Amino acid sequence: MAEPQPFQLRPGTLELADLRAFWRGPREVALDPACHGAIEASAQLVAKVLAEGHAVYGINTGFGSLAGTTIDASQVIELQRRLVLSHCTGLGAPLSEPVTRLVLLLKINALARGYSGIRRETIEALLALLNAGALPLLPAKGSVGASGDLAPLAHLAAVLLGEGEVRLRGETLPAAAALAQIGLAPIELGAKEGLALLNGTQVSTALALDGLFAGLDVFAAALAAGALSVDAALGSDVPFDPRIHRVRGQPGQQAVARVLARLLMDSGIRASHLDCDRVQDPYSLRCQPQVMGAALDLLGAAAATIEREANAVSDNPLVFAAEGEMRGEILSGGNFHGEPIAMAADTIAIALSEVGALSERRIALLTDAHMSALPAFLVAEPGLNSGFMNAQVTAAALASENKSLAHPASVDSLPTSANQEDHVSMSTFAARRLAEIAWNSGQIVAIELLAAAQGIELRRPLETSPRLREILAGIRESAAFLGDDRPLAPDIAAVYERLAGGWFAEVLAAGEDIPLLTQIDA
């Protein structure tokens, strides 16, 4: 079998599908040689400015509110080292391996665009870490997402100096030992390189990607669960008629209605009650296109912002080497401010919280015998058995937690660095809490998948649709039908593992036209 080819990184061109592949697992990366010229030109301009003795922020000055302090040329290398070490103030548990992989990839991608004044050998050292699976331990807390993700990125940069800790082949090692194991020696940072490594939104962006990708797995599973619940509750597919959604014109709503209609097509359960006297279904069933469609549109808008930021140059100052008749310049601005990611993350938080909230309402409906016309709590001999009674309580608890977690983080700000950084984005927390929201909503949806599967099977000998039978079979590979009471926590965990592994997203992306799911499955 042929060895897989390295992923060819052309700086500034990463797509969501590429990023999700790195999130799912490690891949070898090769930097496109076409970027070498721009990298070297920007590094040469930094060297030229330093040699000429001009005072330029980040090259031979202090940082933040100390920017007015000029540093002697003989101390510029030491300045970069001390900058990195002084900013290693992160706290808390380290970021996950998928997030850390993305941080490294995004940092390499940004620096290799050639606007950061960093030498090629320094970028190649980062690339060596990524390809060896030597992942710096980056504390999760301590960034306000303003001058970039300073603290966590300082812990990343410190590893290149032989400081800090690295996760390598399942072990946590001192950085110097890990570098030795992969054939690297600690490096000495050149002018501006410490600042280029510390500045940037790569940690916030990686965390936002983590929340987005986990959230899309939840979203896909929630569509499957919602369709199963419609059939289990003897719901109607009329609310998914495309004419209803076409006259409103919301694209996500139309896409969700189309998917639900296709999933329910040719259901024997639906055919059995075409002439029933129920006038309308509860909102959690019939308004799925409106709610889930709105969530899909928000996720799509956030994904576009995050994809752009994944390819952005977000350190400071920026180095514009000579092009044509334009002379080279080093310009100080504020691309490190994380507001785009903070607002995108807040959007994802709201969307995923609503996905979980709607799923919880369907669980409540299914377990209520008066609403679903199924046995109370979806179990034989209710009373002796409690069935899904407390599973719904768990879902309610998680949905309630998400209400607090979804409060916008981007509306908060605390000044830092002696008021030089007087407005900050809080993008790092905004993105970091998405993992918990996605986990909560994913567990709720896992409970609904179990409850809806139980309801479908309680309708036998009637059969659901062919597409939903496929999904039901997948659920049953993870958890059996509930006859008498047993602990449901292992069943929920098993179905959630299937959800988080992307099984439902793959099934729906293969058979349905779902924007975003098909885009990242490319």
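This is a predicted model, so every value here is computed, not measured.

Engineer: Hey, could you run me through the overall build of the protein chain in this one?
Structural biologist: Counting its secondary structure elements, the protein chain contains 23 helices and nine strands. What you see for the protein chain is a C-alpha radius of gyration of 26 Å, in line with the 24 Å of a compact globule of 522 residues. The dimensions of the protein chain, computed from C-alpha atoms along their principal axes, are 85 × 55 × 50 Å. By residue count, 55% of the 522 residues in the protein chain fall in the buried class. Nonlocal contacts in the protein chain, meaning residues at least 24 apart in sequence, comprise 78% of its contacts between residues at least 6 apart. In the protein chain, 38 side chains carry a positive charge and 58 a negative one; their mean positions are 3 Å apart.

Engineer: How should I be thinking about the pattern of salt bridges in this particular structure?
Structural biologist: Opposite charge on two side chains permits them to pair, given that their charged atoms come into close proximity. A complete count under the given rule lists 19 salt bridges for this structure. For E52, the salt bridge identified is with K48, shortest N-O distance 3.0 Å. Here the residue E52 and the residue K48 both occupy positions in helix α2 (residues 36–52), the gap between them amounting to four residues, near one helical turn. A salt bridge links E121 to R119; its shortest N-O distance comes to 3.6 Å. Bridged by salt links that share partners, the residues E40, R120 and E124 form one connected network.

Engineer: Can you walk me through helix α11 (residues 251–264) in this structure?
Structural biologist: Note: α-helices contain 3.6 residues per turn, so residues at a spacing of three or four share the same orientation. With 14 residues, α11 should reach 20 Å at 1.5 Å per residue; the first-to-last C-alpha distance of 20 Å fits that figure. Every buried residue of α11 is listed here: G252, Q253, A255, V256, A257, V259, L260, L263 and L264. Positive backbone phi, approximately 70°, marks D266, located one or two places after α11.

Engineer: I tried to follow helix α4 (residues 97–111) on my own but got confused; where do I start?
Structural biologist: Here α4 spans 21 Å end to end across 15 residues, near enough to the 21 Å set by a 1.5 Å rise per residue. In terms of residue burial, α4 counts as a mostly covered element, since 13 of its 15 residues are buried.

Engineer: I keep staring at the packing of aromatic side chains and nothing clicks. Help me out?
Structural biologist: Geometrically, a pair of aromatic rings is defined through the distance of the ring centres and the angle of the planes. Scanning the entire structure with this criterion turns up five aromatic pairs. For the ring pair W23 and F213, a centre distance of 5.5 Å and an interplane angle of 50° mean the geometry is tilted. Pair noted here: W23 is in helix α1 (residues 16–24) and F213 is in helix α9 (residues 202–232), with a separation of 190 residues, a long-range link. Each member of the pair, W23 together with F213, is buried.

Engineer: Explain the sheet that holds strand β4 (residues 135–136) to me, please; I cannot follow it from the model alone.
Structural biologist: Two pairing modes exist for strands in a sheet, parallel and antiparallel, and in both the strands are linked by backbone hydrogen bonds. The strand order across the open sheet built from three strands is β4-β6-β7, with neighbouring strands paired in antiparallel fashion. In this open sheet, the two edge strands, each paired with only one partner strand, are β4 and β7 (171–174). For strand β6 (residues 165–168) and β7, the ladder comprises four bridges, and the chain directions are antiparallel. Residue pairing for β7: E165 is matched across the bridge by P174.

Engineer: Whenever I open this one, the environment of A480 confuses me. Can you help?
Structural biologist: One can find A480 in the loop between α20 (466–478) and α21 (489–500). For the pair A480 and F22, spaced 458 residues apart in sequence, the C-alpha to C-alpha distance is 33 Å.

Engineer: How should the packing of α9 against α20 be read in this particular structure?
Structural biologist: Two measures define how a pair of helices packs: the angle their axes make with one another and the distance between the axes. Viewed as axis vectors pointing N to C, α9 and α20 meet at an angle of 110°, and their least axial separation amounts to 11 Å. Classified by the interaxial angle, the pair formed by α9 and α20 is roughly perpendicular. Here A224, A227, L228 and D231 of α9 come into contact with α20, specifically with L468, I471 and I475. When the residues that make up the contact of α9 with α20 are grouped by side-chain class, the tally is six nonpolar, no polar and one charged.

The rules we used
- By convention here, each chain's residues receive numbers from 1 onward along its written sequence.
- Only residues with pLDDT of 70 or above have their local features reported here, since the model is predicted, and side-chain atom pairs are shown and tallied only from 80 upward, although totals for entire chains, interfaces and linings are computed over all residues.
- Side-chain calculation: all heavy atoms of the structure are included, whereas hydrogens and water are not.
- Each helix is a run of DSSP H or I of at least 4 residues and each strand a run of E of at least 2, with the numbering of both proceeding from the N terminus.
- Here the globule rule reads 2.2 Å times residues to the power 0.38, and the radius of gyration is calculated from C-alpha atoms.
- Type-normalised accessible area, obtained with a 1.4 Å probe on protein chains alone, sets the label of each residue: buried when under 20%, exposed when over 50%, and partly exposed for intermediate values.
- Residue contacts are counted whenever heavy atoms from the two residues lie within 4.5 Å of one another.
- Here the positive residues are Lys and Arg and the negative ones are Asp and Glu; neither His nor the chain ends is included.
- In this description, the location of a charge corresponds to atom NZ of lysine, CZ of arginine, CG of aspartate or CD of glutamate.
- In what follows, salt bridge is the name for a side-chain nitrogen of Lys or Arg lying within 4 Å of a carboxyl oxygen of Asp or Glu.
- Given a helix with a known number of residues, its expected span is that number minus one, times 1.5 Å.
- Put simply, two rings from Phe, Tyr or Trp (the six-membered ring, in Trp's case) pair if the centres are within 6.5 Å, and we call them stacked under 30 degrees between planes, edge-to-face over 60, tilted for the rest.
- Strands were regarded as paired on the criterion that DSSP finds at least two bridges between them.
- In this analysis an axis means a line fitted to C-alpha atoms, helices contributing only their contacting stretch, and an angle means the value between N-to-C directions, from 0 to 180 degrees.
- An angle counts as roughly parallel when it lies under 35 degrees, as roughly antiparallel when it exceeds 145, as roughly perpendicular when it falls between 65 and 115, and as oblique in every other case.
- Each residue gets one label: Ala, Val, Leu, Ile, Met, Phe, Trp, Tyr, Cys and Pro are nonpolar, Asp, Glu, Lys and Arg are charged, and the others, such as Gly, are polar.

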